[in-house]
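Residue-level structural notes
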Amino acid sequence: MEEFTPDLDRTELGKVQIAPEVLEVIAGMAASEVEGVAQMSGGFVGEIAERLGRKNIARGVRVEVGSREAAVDVSIIVKYGHRIPDVARNIQDSVRNAIEGMTGLSVVEVNVHIVDVELKAEEKAPATPVVEDYQRVR
């Protein structure tokens, strides 16, 4: 049986293949730019690699690529105060548009996994002790 290769992938000069890692970077950039996304979540191993100084734009993204279609899973940490369904929908739209626009592949699904909520940093009390105007002990 003959394998179907879309015309987009084959030119007169040869075949064009897009590595899944490229799609992961595209999806990661698109998702991280959405309002309400605190950061991408790459799990334990991704956190260790980043602490060792290795920047990973595709952190928290998993992509399955076929000859004409792609499916994406994105894991994020959402900022406190943002409506989660809206953030997730915006991520789905952004990732789909970015991948389809840059690669020509059809995105069949974008699954968004909310793994945590980033709380606002609490304002810390001043470190200097408060000096009272009166003498408490005689």
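Further up the page is the structure itself.
Residues numbered from 1 in each chain as written. Predicted model: local features only at pLDDT ≥ 70, side-chain atom pairs only at ≥ 80, totals over all residues. Heavy atoms only, no water.

**Looking at the pattern of salt bridges**
Under the counting rule described, the total for this entry stands at five salt bridges. For Asp86, the salt bridge goes to Arg83, with nearest N and O atoms at 3.1 Å. One salt bridge in this structure joins Asp93 and Arg96, with 3.6 Å as the shortest N-O distance. Of this pair, Asp93 and Arg96 both sit in helix α3 (residues 84-103), three residues apart, which is roughly one turn of the helix. A residue is classified by how much of its surface remains accessible, and Asp93, at 32% relative accessible area, is partly exposed. Judged by its relative accessible area of 30%, Arg96 falls in the partly exposed class. (Salt bridge = Lys/Arg side-chain N within 4 Å of Asp/Glu carboxyl O. Helix = DSSP H or I, 4+ residues; strand = E, 2+ residues; numbered from the N terminus. Buried < 20%, exposed > 50% of the residue type's maximum accessible area, 1.4 Å probe, protein only.)

**Considerations on the pairing of strand β5 (residues 69-79)**
Burial of β5 is extensive: nine of the eleven residues sit out of reach of the surface. The pairing of strand β3 (residues 37-40) with β5 spans three bridges and is antiparallel. Residue Met40 lies in a different strand from β5, and its bridge partner there is Ile76. Where strand β4 (residues 61-65) meets β5, five bridges bridge the pair, whose relative direction is antiparallel. Its bridge partner lying in β5, Val65 is registered against Ala70. Between β4 and the antiparallel strand that follows it, β5, lie three residues. Two strands pair when backbone bridges link them, and β5 and strand β6 (residues 106-118) are joined in this way by eleven bridges, in the parallel orientation. The residue bridging Lys79 from the neighbouring strand is Glu118, located in β6. With α3 bridging β5 and its parallel neighbour β6, the resulting β-α-β unit is right-handed. (Pairing = 2+ DSSP bridges. Right-handed = clockwise from strand over helix to strand, strands pointing away.)

**Observations regarding the packing of helix α1 (residues 20-32) against α3**
The N-to-C vectors of α1 and α3 enclose an angle of 140°; their axes lie 8 Å apart at closest approach. Here α3 runs oblique to α1, going by the angle between their axes. In this structure, α1 meets α3 at a crossing whose hand is right-handed. Only Ile91, Ser94, Val95, Ala98, Ile99, Met102 and Thr103 of α3 make contact with α1, whose side of the interface consists of Leu23, Ile26, Ala27, Ala30 and Ala31. Per-class residue counts for the contact of α1 with α3 are ten nonpolar, two polar and no charged. (Axes fitted to C-alpha atoms, helices over the stretch in contact; angles between N-to-C directions. Parallel < 35°, antiparallel > 145°, perpendicular 65-115°, else oblique. Left-handed = near helix turned anticlockwise from the far one by under 90°. Contact = heavy atoms within 4.5 Å. Nonpolar A, V, L, I, M, F, W, Y, C, P; charged D, E, K, R; others polar.)

**So, α3**
Taking 1.5 Å of rise per residue, 20 residues should cover 28 Å, and α3 covers 28 Å from first to last C-alpha, within 8% of that figure. Buried residues of α3: Val87, Ala88, Ile91, Val95, Ala98, Ile99 and Thr103, and no others. The arc enclosing the buried residues of α3, seen along the axis, measures out at 105°, which places them on a common side. Looking one or two residues beyond α3, the residue adopting positive phi is Gly104, at roughly 85°. (Expected span 1.5 Å × (residues − 1). Arc of directions from axis to C-beta.)

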